[in-house]
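Now for the letters of each chain:
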Amino acid sequence: MKIETRAVHVGRKPEAGSRDVTPAIHLSTTYQKAEDGSLPGGFLYSRNDNPNRAALEEALASLEGGYAALAFSSGNAATNAMFQAMLAGHHIIAGEDVFYGTAILLQRLKHHGIEHTLVDMQDLAAVERALRPSTRLIWVETPSNPLLHITDIAALAAIAHKVGALLACDNTWATPLLQLPFKLGADVVMHSVTKYLSGHSDVLSGALIFQDGDEFFEKVQGIQREGGAVPSPFECWLTLRGLQTFPYRVRAQSHSAQRIAEFLAHQPQIEAVHYPGLPSHSGHEVAKRQMSGFGGMLSIQVKGGQKEAFKLAAGVKLFTHATSLGGPHSLIEHRASVEGAATRSPVNLLRLSIGLEHPDDLIEDLERALKKL
Ligand SMILES: *Cc1c(COP(=O)(O)O)cnc(C)c1O
C-alpha cells in the first residue's frame, strides 16, 4: 500500500469491545494476568510496552519499511540509545555538521571509551580515511543542518558494510515520504518525531527503526525498556494522530519550500540560498537520485552580517522567530546564536522551516521584510 494509506491505517484498528474508530488513550501502567500467570493482552508493564506505544511503533516501522520501531521520549533519547549499544573501544563516524545535540552526545561517549571522528560526509574519500578497524557505526544526516548538505546514502552504506559497521540515518528532515534509507542500504533510521512526523509542535518524541530484528535490535530494545526514556501513552496517541496527515503536510511544505527558495535566490539582499531543490545546490544531483522531493527546510545567508539577519528575522510577520521545525507554523531562526560559541553556522545565516501557510503569503511576508533591510 502507498504511504498515505499506511499513515492512516497501520496501528489503527478499531478497538475490541468499545469499537472506537479513534483509539483510546491507555493510561494504565499495569495489566491483569490470567489464572496461570500469562498475559492475555500481551502487556505486562507500561515502561516495557503499552497499547498506544505498540500502535505507534507498528506505524513507524511500516512508514519506513523496516522490521520494527522503538519509540523514545525525544529524538536525542533515541540517538542516545543507539550510542549506549556501542562498547568501549568502538569507534563512530559522523558528519562534521551533525545535529549539535548528537555532537554533544558523541562528546560524552569519550568518558565511556567510545571515540568518534567528525568528517565532511559529502566527501566519501574523507569517510574512508576516517575508518578504523574498530569503526562500528556511521551516522549520517542528510539533508544536514543548517547548510542542507547532501550525502550519498547508498555509497556510504557500501563503505560501512565493507568494515562491518552499521549505517544509521537521521531521517528527520527528509521523512519517509521523501527518502527511504533502508532502500539505500541503511541499517537503522532515526527520527526526531518531534518534527514532521508528529507535525504540530506539541509532542517531544523520537524513534529508531530497524531493518532487521537481529541481536543488535534486541539490545537496543533492552536499552529502551530498562532505560525507560519512553514517550507517554498521550504522546504516542498525539503522534499517531499527527501521522495520519504527515504525507500531505510534508508534500505541501516541500512544494512551498521550493517556491520560496526560488524566490529568495533572486533577491538582491540575499547572498546565498541553501536548498537541495535548486539546481545550483552542490548536492542537487544526489538529492534528485535518493529523494522524491527536497523537503520543507532551507537556509539563507543575508548580505551584511548578523545585524541584517536579525533584522530580517524580526521583520517577518508570518514566520515566528523560534527554534525547531516541521510544524504547521513557519519558523525562522538564527542558528549561530542558538548553537553557542562552538557553532559552525555562518553569522548571517537564517534557517527557515516552511509551514502550512499558503506560499504566496509567505513570499509576500519575506518580500516586505527584505525591502526594509
Ligand atoms: C530536532 C532534531 C534532533 C533531536 O530531536 P529532539 O526530539 O529535539 O530530541 C535530532 N536530529 C535532527 C535532525 C533534529 O532536527
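See the structure above.
Because the structure is a prediction, the values reported are computed rather than measured.

Asks: I would appreciate a short explanation of the site of the ligand in the present structure.
Replies: Around the ligand, the structure places 14 residues, and the nearest of them are Asn-76, Asp-170, Ser-192, Thr-194 and Lys-195. Within the contact set of the ligand, an oxygen atom lies 2.8 Å away from a side-chain nitrogen or oxygen of Ser-192. One of the side-chain N or O atoms of Lys-195 is found 2.8 Å from an oxygen atom in the ligand. If you list the elements that add at least two residues to the shell around the ligand, you get α3 (75–84) and β6 (188–192). A class-by-class count of the residues in the shell around the ligand yields four nonpolar, seven polar and three charged.

Asks: Sorry if this is basic, but what is going on with a negative patch on the surface here?
Replies: Judged by side-chain charge, Asp-212, Asp-214, Glu-215 and Glu-218 come together as a negatively charged surface patch. Within the element layout of this structure, Glu-215 appears in helix α8 (residues 215–227).

Asks: Hey, could you run me through the sheet that holds strand β5 (residues 166–170) in this one?
Replies: What holds strands together in a sheet is hydrogen bonding between their backbones, with the strands either parallel or antiparallel. What the seven strands build is an open sheet, ordered β1-β7-β6-β5-β4-β2-β3; its pairing is mixed. The open sheet has two edge strands, β1 (68–72) and β3 (115–119), and neither has a second partner. Recorded for the sheet is a direction-independent mean angle of 20 degrees between the axes of neighbouring strands. Judged from the five bridges that link them, strand β2 (residues 91–95) and β3 form a sheet pairing that is parallel.

Asks: Can you walk me through α3 in this structure?
Replies: Counting along an α-helix, one turn takes 3.6 residues, and residues three or four places apart therefore face a common direction. Of all ten residues in α3, seven are buried, a share of seventy percent or more. Where α3 begins, one side-chain oxygen reaches toward the backbone nitrogen of Asn-76, 3.4 Å away; that side chain belongs to Ser-74.

Asks: Sorry, what's going on with unusual backbone geometry here?
Replies: It is generally the case that most residues other than glycine have a negative phi and that most peptide bonds are trans. Residues Thr-142 and Pro-143 are joined by a peptide bond in cis, for which omega reads 0 degrees. One can find Pro-143 in the loop between β4 (135–141) and α6 (153–162). Cis geometry is found at the peptide bond from Asn-145 to Pro-146, where omega equals 0 degrees. When you line up the elements, Pro-146 lands in the loop between β4 and α6.

Asks: Teacher, can you tell me more about helix α2 (residues 51–64) here?
Replies: Here α2 contains 14 residues, and its C-alpha end-to-end distance of 20 Å stays within 8% of the 20 Å for a straight helix at 1.5 Å per residue. Counting buried residues in α2 gives eleven out of 14 residues, a clear majority hidden from the surface. Downstream of α2 by one or two residues, Gly-65 has phi in the positive range, about 75 degrees.

Asks: Got a minute to help me understand the sheet that holds strand β9 (residues 297–302) in this structure?
Replies: Pairing is mixed in the open sheet, where five strands are placed in the order β8-β9-β12-β11-β10. The strands lining the two open edges of the sheet, one partner per strand, are β8 (270–274) and β10 (320–321). Pairing geometry for β8 and β9, over four bridges, is antiparallel. Paired with Val-273 across the two strands is Ile-300, which belongs to β9.

Asks: Help me understand the pattern of salt bridges in this model?
Replies: Per the counting criterion, the structure on display carries 15 salt bridges. The partner of Lys-162 in a salt bridge is Glu-128, and the shortest N-O contact between them spans 3.0 Å. You can see Lys-162 sitting in helix α6 and its partner Glu-128 sitting in helix α5 (residues 124–130), a full 34 residues away along the chain. Since its relative accessible area comes to 37%, Glu-128 is described here as partly exposed. Ionic pairing is found between Arg-259 and Asp-360, a salt bridge with its closest N-O pair at 2.9 Å. One end of the pair, Arg-259, is in helix α10 (residues 246–265); the other, Asp-360, is in helix α14 (residues 359–371), with 101 residues separating them in the sequence.

What counts as what
- Residues numbered from 1 in each chain as written.
- Predicted model: local features only at pLDDT ≥ 70, side-chain atom pairs only at ≥ 80, totals over all residues.
- Heavy atoms only, no water.
- Near = heavy atom within 4 Å.
- Polar contact = N/O pair within 3.5 Å; in protein donor to acceptor, adjacent residues only side chain to side chain.
- Helix = DSSP H or I, 4+ residues; strand = E, 2+ residues; numbered from the N terminus.
- Nonpolar A, V, L, I, M, F, W, Y, C, P; charged D, E, K, R; others polar.
- Patch = residues over 30% accessible without salt bridge, like charges linked within 9 Å, V, L, I, M, F, W, Y side chains within 5 Å.
- Areas by Shrake-Rupley, 256 points an atom, 1.4 Å probe, with all protein chains shown as cover.
- Salt bridge = Lys/Arg side-chain N within 4 Å of Asp/Glu carboxyl O.
- Lys, Arg positive; Asp, Glu negative; His and termini not counted.
- Charge placed at Lys NZ, Arg CZ, Asp CG, Glu CD.
- Pairing = 2+ DSSP bridges.
- Axes fitted to C-alpha atoms, helices over the stretch in contact; angles between N-to-C directions.
- Buried < 20%, exposed > 50% of the residue type's maximum accessible area, 1.4 Å probe, protein only.
- Expected span 1.5 Å × (residues − 1).

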